[in-house]
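# Coordinates in review
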Amino acid sequence: MDERQYYPRIVGPGRAADGATVLELHGELDILAVSVLSARLDELTGVQGADLVLDLRAVAFIDCAGLSLLSRARCRTGQRGGRLRLAGVTDGGSVGRLLRMTGLTGHFELVPDDAPGPAGDDAGAAEGADIAVA
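Residues numbered from 1 in each chain as written. Predicted model: local features only at pLDDT ≥ 70, side-chain atom pairs only at ≥ 80, totals over all residues. Heavy atoms only, no water.

An unreviewed UniProt entry lists the chain under the name Anti-sigma factor antagonist, with Streptomyces bugieae given as the organism.

Next up, the structure:
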């Protein structure tokens, strides 16, 4: 088994072509992820006018604690005049299924699958290595 899949981690931040901060979330977004990732997300969403893209392509699993983490980030950016978008959310993926089952799909701005990747060709490699790993 690839143990990297099971430990929550953030890769980034990088910059998208449109100037947004992009964070790639990897692993399982569960209660462990909340304890590991929430301080970093609070830091990024506490900035006035933050433009944040969470790339969820590498999320293998999400539960209600992970959904709470995403909802908190959405609320914090909105309260400060910012913007939060989710990339890599597909109908068949775990995040897409949970959003649909909870009726929250319309509450998040989703980056369409046919759009260029959130990091874009202009962004180059992410500006950091793995951050906030367990």
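And the narrative resumes.
### Examining the pairing of strand E3 (residues 51-62)
Note the following rule: For two strands to count as paired, DSSP must find a minimum of two bridges between them. Numbering of helices and strands runs from the N terminus, with a helix taken as a DSSP run of H or I at least four residues long and a strand as a DSSP run of E at least two residues long. Call a crossover right-handed when, viewed with both strands pointing away from you, the route from the first strand across the helix to the second goes clockwise.
Pairing of strand E2 (residues 21-29) with E3 involves 8 bridges; the strand directions are parallel. By the bridge assignment for E3, Glu24 is matched with Asp55. The handedness of the E2 to E3 crossover, carried by helix H1 (residues 31-45), is right-handed. Each parallel crossover has a hand, and the one from E3 via helix H2 (residues 64-79) to strand E4 (residues 83-87) is right-handed.

### Topic: the packing of aromatic side chains
To keep things clear, this is the line we draw: Only Phe, Tyr and Trp rings are paired, with Trp represented by its six-membered ring, and only when their centres lie within 6.5 Å; those with planes under 30 degrees apart are stacked, over 60 edge-to-face, the remainder tilted. Put simply, a charge is over a ring when the Lys NZ or the Arg CZ is close to the ring centre, within 6 Å, and near the line of the ring normal, within 35 degrees.
Under the counting rule described, the total for this entry stands at 0 aromatic pairs. When the ring centre of Phe108 is taken as reference, the NZ or CZ atom of Arg74 above it lies at 5.4 Å.

### Observations concerning the nonpolar core
What counts here: Definition of nonpolar core: a set of buried residues of the types Ala, Val, Leu, Ile, Met, Phe, Trp, Tyr and Cys, connected through side-chain atoms within 4.5 Å. For every residue, the accessible area obtained with a 1.4 Å probe (protein chains only) is divided by the maximum for its type, and the residue is called buried under 20%, exposed over 50%, and partly exposed between those limits. Should any heavy atoms of two residues lie within 4.5 Å, those residues are counted as being in contact.
Of all hydrophobic cores here, the largest spans 23 residues; its most connected members are Leu29, Leu54, Leu56, Leu70, Leu86, Val95 and Leu99. Sorting the residues of this core by element identifies E2, H1, E3, H2, E4 and helix H3 (94-102) as the ones contributing at least two each. Residues within four places of Leu70 in sequence aside, it is in contact with Leu54, Leu56, Ile62, Leu84, Leu86 and Phe108. Counting 5 residues, the second-largest nonpolar core is a separate cluster that includes Ala20, Val22, Val53 and Val111.

### Considerations on H3
For H3, every residue scored as buried is listed here: Ser94, Val95, Gly96, Leu98 and Leu99. Each element contacted by the buried residues of H3 is listed here: E3, H2 and E4. Gly103 occupies a position one or two residues after H3 and carries a positive phi of about 75 degrees.

### Describing the pattern of salt bridges
Applied cut-off: What makes a salt bridge here is a side-chain nitrogen of Lys or Arg within 4 Å of a carboxyl oxygen of Asp or Glu, nothing more.
All told, the structure shown has 6 salt bridges when counted by the stated rule. The salt bridge involving Arg40 is made with Glu43; its shortest N-O contact spans 2.8 Å. Taken together, the residues span about one helical turn, with Arg40 and Glu43 both in helix H1 at a distance of 3 residues. Residue Arg40 is classed as buried on the basis of its relative accessible area of 16%. For the salt bridge of Asp42 with Arg76, the shortest nitrogen-to-oxygen distance reads 3.5 Å. Residue Asp42 is located in helix H1, and its partner Arg76 is located in helix H2; the two are separated by 34 residues in the primary sequence. On the basis of relative accessible area, Asp42 is assigned to the partly exposed category, the value being 22%. Bridged by salt links that share partners, the residues Asp42, Arg72 and Arg76 form one connected network.

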